[in-house]
Amino acid sequence: MSDFVIIGAGPAGISAANESARYGVKVTLIDENNLPGGQLFTQTHKFFGSREHRAGVRGFQIGYDLIEEINKLNVDVLLDTIVYGISADMEVKYVTEGSSAKSITAGNILISTGALEKPVVFKGWTKPGVMGAGAAQTMMNVHRVLPGRKVLMVGSGNVGLIVAYQLKQAGADVVGIIEAMPSIGGYKVHASKIRRIGIPILTSCTIKEAKGSPQVSSAVIVGVDKNLREISGTEDEIKCDLVCIAAGLKPFDELCWLLNLEFKYINELGGFVPVHNDDLETSMKNIYIAGDAAGVEEASTAMEEGRLVGVAVAQKLEYLSDRQAEKLKGKINDRLKYLRLGSFGKKRAEGKKKLTSISK
Amino acid sequence: MKSKVSNKSNAGIITLGEFKKIPGYPEEDDFSKGPIAVIECDQDIPCNPCEEICKYGAIKVGKPITNLPVLDAEKCRGCLKCITICPGLCIFVVYRDYTDKTSLIYIPYEFSPLPEKNTYVDVLNRRGEKICKGSIRKVIKLAGSNKTFVIGMEIPKKFYNTARHFEF
Amino acid sequence: MADKRTSIIVCRCEEITDEEVRKAVKEGATSVDAVKRVTRAGMGLCQSKICYLNIAKIIHEETGIPVSKLIPMKHRIPVRPVKIGDLDN
């Protein structure tokens, strides 16, 4: 029996663990990797935000700080462990590498399982040498393996722009970034640093084929019109040994589907997202959701959402008085509000509003 | 990538007309007082570490933090701190009148290896195009800069508004 | 456009092609679950983590049903690959 089982120790999960354990909640934190921190360890760039969001600090350093914090608290951390199911009576079923299946009954559960990369289908997309930008980032920044020497990046959201820059930092030649839309999806400052080091960005352009046998040796790109229809005659073949796909992320919510939670389709948040209230509790009592699994945003909002759930659970279990908890939540919500301002954040804020308004 | 697909994209490019309107961009006269910060930030991203790190109070973001940073040219001493903290790597320090004929541009640099002092380099503009030759004069590691180095390169004066990177 | 893509694999685990999924949709399999039952797409190791969107997109193209109405296939325990031996306790 555990007061609070957290599935996924990324920025949201580990923040929820720290925040709730601080007030006395008995927490079990489960992750499939051999280190908590999730995607923070792939992020070698400095974060945006304000001081409270650790702006100017690199992602992996925030990861180490969160681990240091969790080590000081009384949290039961299960690593190299996958959760393969949750039963309706709150039994979390898991397998730790090298041992047989076990289960733990949870008073409360947080599903903070992050996001998955969206695939793009084109001729040759299953060849070795085509991979998600996030996968390339993990290989390069966590495992120190450069996945290619000559790279074509498909997609110009922040993930595509940042990973292209990091591939260049790691020594790869990035031949270009292509974007099907007429303008880039990510921050202009990220695009600026790409452009001034000589990496071209082609907008209204998509990938048609990855060639090579078996390994990718070139890619055929093609111009597209406003309706994203290919313009024949504009094809061009580009030599490369790695095609990185950065076509966006979707919430990774298989455990929520398993539990038959209520979902809503919110395009701005990556697709189907579990409906939740302001405490991030889903349509099923005592099941919470946070981070990208609760709608794709970014790491800073994930950490704040995690903290919010941590406080909510501590309040429910009476480790915090209602007054204390509401005060803490108010502060977290203020910070979340700031992270969802501006032309980029506004869309996510609207998406979140659609999601929480239904559950009231 | 020389491609048949048109690459007239201004993606990531702040054009000459645009940067004069950015509140973080100094007025022409401000360049005569010495090294000065040039903040090429024109999107309402929630972010304000540049304001926090400036001990002279020369950068104002305020609330909400999606405001664009506003430069107070009078207060800026060209101390380079803001270059290293900006997560967007979009702050430069420009010393237009470094000599009679040359300017010194300080840029953020996160690549390996670092250039050595006095290396002769190709100077690149915002589009990554070679525009002239320049010389690396300073390779600076500021305390707390967390692996973002500051490189000072000397370039012909007429490129002080366009030179933003180098290749060697 | 459809005919150009015929031999492209959309479900990597089970090696199901675009053509096979389209044929199933035309024959009446107009949900992700129905396509799974007819073709095995989504029944492999990844349990449709990757191919779900590819299948939803094809159903949308063939029927006009918006992707926002095409929920993923039914999830069952175990949602992740687990060795049978590990479950024996």
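Residues numbered from 1 in each chain as written. Chains lettered and ligands numbered in written order. Predicted model: local features only at pLDDT ≥ 70, side-chain atom pairs only at ≥ 80, totals over all residues. Heavy atoms only, no water.

Regarding the overall build of chain B
Heads up, the rule is: Counting from the N terminus, the helices are DSSP H or I runs at least four residues long and the strands are E runs at least two residues long. For a compact globule the rule gives 2.2 Å times the number of residues to the power 0.38, and the radius of gyration it is set against comes from C-alpha atoms. Accessibility here uses a 1.4 Å probe with only protein chains present; expressed as a share of the type maximum, an area under 20% marks a residue as buried, one over 50% as exposed, and anything in between as partly exposed. Contacts are assigned to residue pairs with any non-hydrogen atoms lying within 4.5 Å of each other. Here, Shrake-Rupley sampling with a 1.4 Å probe gives the accessible areas, and only protein chains in the shown set may cover a residue.
For chain B, the helix and strand inventory stands at three helices and nine strands. Listing the helices and strands of chain B from first to last along the sequence gives α-β-α-β-β-α-β-β-β-β-β-β. Over its C-alpha atoms chain B spans a radius of gyration of 16 Å, differing by no more than 12% from the 15 Å that the globule rule assigns to 168 residues. Structurally, chain B occupies a C-alpha span of about 45 × 40 × 35 Å along its principal axes. Here chain B, with 168 residues, has 55% of them falling under the buried criterion. Looking at chain B alone, contacts between residues at least 24 apart form 59% of all its contacts between residues at least 6 apart. When the accessible area of chain B is evaluated, it comes to approximately 7800 Å², of which 50% is carbon and sulfur surface.

Looking at the packing of aromatic side chains
As a reminder, the rule being used: Only Phe, Tyr and Trp rings take part, Trp by its six-membered ring, and two of them pair if their centres are within 6.5 Å. Stacked means planes under 30 degrees apart, edge-to-face means over 60, and tilted covers everything else. The criterion for a charge sitting over a ring is simple: Lys NZ or Arg CZ within 6 Å of the ring centre, and within 35 degrees of the ring normal.
Scanning all chains against the criterion turns up 14 aromatic pairs over all chains. Joined through ring pairs, the aromatic side chains of Tyr165 of chain A together with Tyr109, Phe111, Phe166 and Phe168 of chain B make up one cluster. For arginine 96 of chain B, the ring lying beneath its charged end belongs to tyrosine 160 of chain B, and the centroid distance is 5.9 Å. Over the face of the ring belonging to tryptophan 125 of chain A we find arginine 12 of chain C, whose NZ or CZ atom lies 5.1 Å from the ring centre.

Comments concerning the pattern of salt bridges
Counted only if it meets this: Salt bridge criterion: a side-chain nitrogen from Lys or Arg within 4 Å of a carboxyl oxygen from Asp or Glu.
All chains considered together, the criterion is met by 42 salt bridges over all chains. Lysine 72 of chain A is the partner of glutamate 68 of chain A in a salt bridge, and the nearest nitrogen-oxygen pair spans 3.7 Å. Highlighted residues: glutamate 68 of chain A and lysine 72 of chain A, both in helix 2 (residues 59–72), separated by four residues, approximately one helical turn. The residue glutamate 18 of chain B makes a salt bridge to lysine 188 of chain A at a minimum N-O spacing of 3.6 Å. Placement of the pair is glutamate 18 of chain B in helix 1 (residues 16–19) and lysine 188 of chain A in helix 5 (residues 188–196), with the two residues belonging to separate chains.

Things to note about the interface of chain A and chain B
For the record, the criterion: Accessible area that two parts lose when put together, evaluated with a 1.4 Å probe and summed over both, is termed the buried area.
Tallying the contact residues gives 50 residues for chain A and 49 residues for chain B. Summing both partners gives a buried area of about 4000 Å² for chain A against chain B, and 55% of it is carried by carbon and sulfur. In terms of surface lost to chain B, no three residues of chain A exceed Lys188, Arg195 and Arg196 of chain A, which account for 22% of the buried area on that side. Where chain A touches chain B, the interface holds four salt bridges. Measuring nitrogen to oxygen at the nearest pair gives 3.1 Å for the salt bridge that ties glutamate 52 of chain B to arginine 51 of chain A.

Description of the nonpolar core
Note that soluble globular proteins tend to have their nonpolar side chains buried in a common cluster. All names here are of chain A. Convention followed: By convention a nonpolar core is built from buried Ala, Val, Leu, Ile, Met, Phe, Trp, Tyr and Cys residues, the set being connected through side-chain atoms within 4.5 Å.
By size, the foremost hydrophobic cluster in this structure holds 105 residues, and its most contacted members are Val92, Ile109, Ile111, Leu152 and Val243. For this core, the element with the highest residue contribution is helix 7 (residues 299–316), accounting for nine residues. Every residue in contact with valine 92, bar those within four places of it in the chain, is listed here: Val5, Ile7, Ile30, Val83, Gly85, Lys102, Ser103, Ile104, Ala106 and Ile109.

As for the environment of lysine 168 of chain A
By the secondary structure assignment, lysine 168 of chain A is in helix 4 (residues 158–169). On the accessibility criterion, lysine 168 of chain A (28% relative accessible area) is partly exposed. Along the backbone, lysine 168 of chain A and arginine 149 of chain A are 19 residues apart, and their C-alpha atoms lie at a distance of 9.4 Å. Look past the residues within four positions of lysine 168 of chain A in its chain and what remains in contact with it is Val174, Ile197 and Ile199 of chain A together with Phe111 of chain B.

A short note on the packing of helix 3 (residues 133–141) of chain A against helix 4 of chain A
Residue and element names in this part refer to chain A. What counts, and what does not: Here an angle of 0 to 180 degrees is reported between the N-to-C directions of two axes, which are lines fitted to C-alpha atoms, with helices fitted over the stretch in contact. Angular relationships are summarised with four words: roughly parallel below 35 degrees, roughly antiparallel beyond 145, roughly perpendicular across 65 to 115, and oblique for the angles in between. Each crossing gets its handedness from the near helix: less than a right angle anticlockwise from the far helix is left-handed, clockwise is right-handed. The nonpolar class holds Ala, Val, Leu, Ile, Met, Phe, Trp, Tyr, Cys and Pro. Asp, Glu, Lys and Arg form the charged class, and all remaining residues, Gly among them, are polar.
Where helix 3 contacts helix 4, the axes come no closer than 10 Å and their chain directions differ by 30°. With respect to helix 4, the axis of helix 3 lies roughly parallel. The hand of the helix 3/helix 4 crossing is left-handed. Residues Ala133, Gln137, Met140 and Asn141 of helix 3 pack against Val159, Ile162, Val163, Gln166 and Leu167 of helix 4. Class assignment of the residues belonging to the contact of helix 3 with helix 4 gives a composition of six nonpolar, three polar and no charged.

Here we look at unusual backbone geometry
The omega torsion of the bond from lysine 63 of chain B to proline 64 of chain B falls at -5°, within 30 degrees of zero and hence cis. One can find proline 64 of chain B in the loop between strand 2 (59–60) and strand 3 (70–71). A positive phi angle, near 65°, is found at glutamate 318 of chain A, a position not held by glycine. Relative to the assigned elements, glutamate 318 of chain A resides in the loop between helix 7 and helix 8 (322–339). Positive phi is not limited to glycine here, since lysine 147 of chain B has a value of about 70°. Counting through the fold element by element, lysine 147 of chain B comes out in the loop between strand 7 (130–140) and strand 8 (149–156).

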